[in-house]
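Secondary and tertiary structure notes
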Amino acid sequence: MSGRPILTAAETKAAEEAVFARGVSVFGLMTKAGRAAAEIAWDRFGPRETLVLCGPGNNGGDGYVIAARLRECGVRVRVAASGDPTTDAAREARRAWGGPVEVLDEAAPAPLVIDALFGTGLSRPLKNKIAEPASRLLAAAAYRVAVDLPSGIATDDGAVLTELPPAHLTVALGALKRAHRLMPAAARCGEVVVADIGLGDPPRGVIEIGRPPIAAPGFEANKYTRGKVVVAAGRMPGATMLASLAAQRAGAGYVELLGAEGEGVPHALVRRAWDDEALADKRIGAMVIGPGLGTEGEGRRRLDLALATDHPLVLDADALTLLARDGLDRLPARKALAVLTPHGGEYARLFPDAGGTALDKALVGARKTGAVILLKGVCTVVAHPDGRAAIGAPAPAWLASAGTGDVLAGILGTMLAQMDDPFEAAQAAVWLHSEAGRRAGPLLIADDLVEHLRGAVAGCLA
Ligand SMILES: NC(=O)C1=CN([C@@H]2O[C@H](COP(=O)(O)OP(=O)(O)OC[C@H]3O[C@@H](n4cnc5c(N)ncnc54)[C@H](O)[C@@H]3O)[C@@H](O)[C@H]2O)[C@@H](O)CC1
Ligand SMILES: [K+]
């Protein structure tokens, strides 16, 4: 599984330098970038009257190329600039545009506004003399397209240095940047489309969580080879049931709900009283503990017993509350890495001193615990103690409802049981969960996700 790279400004520059070293000029790359962005805007918004806002650097240079290309397509296009270009390539792009350039302050609005004021070179908040007219023109537009990044956003940490009306569409040039996938910036980008400008194969540091390849069972498969997942039951049967059903629908061959006796639907779910022998079963591929566990006596005891096993573990919900309360020292060094799945509040209780972006936090958590951290959020981050990290595309906001975390824990149990690398397993779970949410659509409840997992998994079969 290998997702798209998510670059810092410095990594982007390095990738561009590699292109220049092959003999491409800055203006050549800018022309490619601008034309690609113009074509994406044209495909999306057609021949609407367009205003392109150009800044002083190469992001502005892209803007002039975009204006020229849209003019070729027959669009009524105007350009307004915050000042004269300050780079050779941007000056060349402005010459190639050759048309009038309005003063930003005096420009009239247009239905489509393309923001080419600042990209990866933004280093400080915008002064009012730029921010005010930009804000006025962007707010008056029916559609806003950002070139590379919405202006006012810090590339590497996703901070909003200056608040402008958010983009509907952001054309990321060559590769995703961190700000496209870190909050609060990610919520200002709208849809993000990556334009191929021939950056080749940029460095693979942080990657985007992509569709996981999932193999259909072979002829030799049996229920154990497809993964046996044990879900620890506790005080809230609904939560453990959601996790169990999700583990089943994600493709585990055998799911056992341990600590909850009785019969019921689905009949395919094995219920078994809690006993040490069941927990010691070598065929267990992963164990999920935390959803509905409870945080008092029996819950604590079950967590201790689970931690003492060698099974790959998903530690979620109440298991995280218990670890935060009793101290992370309770998390022993384990042969199979555990995956911790905190949301922001749980994370803050586990690591009260950690700050920075969600990416920083996940990496710090992974380093401190020796476990994989799956930090849930708009863009969920997965980090491995060895320094690898991946970020998900924004998940459907409809997922913000009770029980969806229990479903994620169950999916993750199955992925851990089926895959060797817990980092890959965590990514696969995040992707399937988000995809099930997308398929379930508006007003979903957690139970719907279980129903839609089948389609989500089927879409990943080779
Ligand atoms: N580097 C390259 O070769 C290419 C870059 N491309 C574009 O170039 C962008 C990066 O270009 P640059 O590095 O020139 O940076 P930008 O165009 O993002 O902006 C940098 C310029 O703005 C100034 N500046 C920064 N913050 C400011 C603020 N708050 N108020 C006023 N001025 C401010 C800087 O001093 C500099 O002059 C990318 O986002 C992408 O759009 C593309 O054209 C492809 C080629
Ligand atoms: K921009």
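Keep in mind that this is a model prediction, so the values were computed, not measured.

**Regarding the overall build of the protein**
- Along the protein, the regular secondary structure elements total 14 helices and 19 strands.
- A globule of 462 residues ought to have a C-alpha radius of gyration of about 23 Å, and the protein, at 25 Å, matches this closely.
- Overall, the protein is about 80 × 45 × 45 Å in size when its C-alpha atoms are taken along their principal axes.
- When the accessible surface of the protein is summed, it comes to about 19,100 Å², and 52% of that surface belongs to carbon and sulfur atoms.

**Some words on the coordination of the potassium ion (ligand 2)**
- Coordination sphere of the potassium ion (ligand 2), protein contribution only: Asn59 (OD1), Asp115 (O), Phe118 (O), Val147 (O) and Leu149 (O), at 2.5 to 3.0 Å.
- Donor residues binding the potassium ion (ligand 2) come from one chain and are separated in sequence as N-x55-D-x2-F-x28-V-x1-L. In this pair, Asn59 sits in helix 3 (residues 58-72) while Asp115 sits in strand 5 (residues 112-116), placing the two residues 56 residues apart along the sequence. Both residues of the pair, Asn59 and Asp115, belong to the buried class.

**Here's the deal with empty space enclosed by the protein**
- Inspection of the entire model under this criterion finds one cavity of 30 Å³ or more.
- Taken together, 16 residues form the lining of the largest cavity, with Pro150, Leu164, Pro165, Pro166 and Ala167 sitting closest to its centre.
- Mapped onto the lining of the largest cavity, the elements with two or more residues apiece are strand 5 and strand 6 (143-147).
- Tallied by class, the residues present in the lining of the largest cavity amount to eleven nonpolar, two polar and three charged.

**Side note on the domain arrangement of the protein**
- Entries for the protein in the domain assignment read domain 1 (6-204) and domain 2 (228-458).
- The distance between the C-alpha centroids of domain 1 and domain 2 comes to 40 Å.
- Listed by partner, the interface residues are seven residues for domain 1 and eight residues for domain 2.
- Taken over both partners, the interface formed by domain 1 and domain 2 buries close to 620 Å², and the fraction arising from carbon and sulfur atoms is 81%.
- Contact with domain 2 buries area across many residues of domain 1, yet Arg181, Leu182 and Met183 alone supply 65% of it, more than any other trio.
- Summed over the shared surface of domain 1 and domain 2, the result is zero salt bridges.
- Joining domain 1 to domain 2, the criterion identifies zero residue pairs in polar contact (both at pLDDT 80 or more).
- In the side of domain 1 that touches domain 2, the residues fall into four nonpolar, no polar and three charged.

**Points about the UniProt feature "binding site: K(+)" (unreviewed entry) in the protein**
- When the UniProt feature table is mapped to this numbering, "binding site: K(+)" (unreviewed entry) covers Asn59, Asp115 and Ser151. The greatest C-alpha distance among the annotated residues, which extend across 93 residues, is 9.6 Å, indicating that they converge on a single site. Checked against the lining of the largest cavity, the annotated residues reduce to Asp115 and Ser151.
- Exposure remark for Asn59: the relative accessible area of 8% places this residue in the buried category.
- Setting aside residues no more than four positions away along its own chain, Asn59 makes contact with Asp115, Ala116, Leu117, Phe118, Gly119, Val147 and Asp148.
- Polar contacts involving the side chain of Asn59 include one to the main-chain amide nitrogen of Leu117, which spans 3.4 Å.
- Within the secondary structure, Ser151 is located in the loop between strand 6 and strand 7 (169-173).
- Beyond its immediate sequence surroundings of up to four residues, Ser151 is in contact with Asp115, Leu117, Phe118, Thr162 and Leu164.

**Points about the pattern of salt bridges**
- All told, the structure shown has 31 salt bridges when counted by the stated rule.
- For Arg69, the salt bridge identified is with Glu39, shortest N-O distance 2.7 Å. Remark: Glu39 occurs in helix 2 (residues 26-45) and Arg69 occurs in helix 3; sequence separation between them is 30 residues.
- Since its relative accessible area comes to 32%, Glu39 is described here as partly exposed.
- For the salt bridge of Arg272 with Glu256, the shortest nitrogen-to-oxygen distance reads 3.9 Å. Of this pair, Arg272 sits in strand 13 (residues 270-272) while Glu256 sits in strand 12 (residues 254-258), and the two are 16 residues apart along the sequence.
- With a relative accessible area of 28%, Arg272 lands in the partly exposed category.
- Each of the salt bridges in this network shares a partner with another, and the network as a whole consists of Lys228, Glu256, Arg272, Asp275, Asp281 and Arg283.

About the criteria used
- Just so you know, the residues in each chain are numbered from 1, in the order the chain's sequence is written.
- Chain letters start at A and ligand numbers start at 1, both assigned in the order the entries are written.
- Local features in a predicted model are, by the rule used here, given only for residues with pLDDT of at least 70; side-chain atom pairs are given and counted only at 80 or more, and totals for whole chains, interfaces and linings are based on all residues.
- Remark: hydrogens and water are excluded; side-chain values derive from all non-hydrogen atoms of the structure.
- Here a helix means four or more residues in a row that DSSP labels H or I, a strand means two or more in a row labelled E, and each is numbered from the N terminus.
- Only C-alpha atoms enter the radius of gyration; for comparison, a globular chain is expected to reach 2.2 Å times N to the power 0.38, where N is the number of residues.
- Per-residue and other accessible areas were derived by the Shrake-Rupley procedure at a 1.4 Å probe size, with only the shown protein chains allowed to occlude residues.
- Coordination partners: N, O, S within 2.8 Å of the metal, 3.2 Å for Na, K and Ca; water not considered, so apparent gaps in a site are possible.
- Relative accessible area decides the class of each residue, using a 1.4 Å probe on protein chains only: under 20% of the type maximum gives buried, over 50% gives exposed, and in between gives partly exposed.
- The rule is simple: put a 1 Å grid over the protein atoms alone, call a set of points where a 1.4 Å probe fits but cannot get out a cavity, call an open set with protein on both sides within 12 Å along at least five of seven lines a pocket, and count a residue as lining if it has an atom within 4 Å of a point.
- Grid points are joined across faces, edges and corners, and a volume is the space filled by probe spheres set on the points.
- The residue classification treats Ala, Val, Leu, Ile, Met, Phe, Trp, Tyr, Cys and Pro as nonpolar and Asp, Glu, Lys and Arg as charged. All others, Gly included, are polar.
- A domain assignment, automatic or from a database, supplies the domain bounds used here.
- Two residues form a contact once any of their heavy atoms are found within 4.5 Å.
- Each of two parts loses accessible area, computed with a 1.4 Å probe, when they are put together; buried area is these two losses added.
- Definition used for salt bridges: Asp or Glu carboxyl oxygen within 4 Å of a side-chain nitrogen of Lys or Arg.
- Any pair of nitrogen or oxygen atoms within 3.5 Å is treated as a polar contact; in protein, a donor-acceptor pairing is required on top of that, and neighbouring residues in sequence qualify only through side-chain atoms on both sides.
- UniProt positions are given in the numbering used here, feature names are shortened, and annotations may be inferred rather than shown by experiment.

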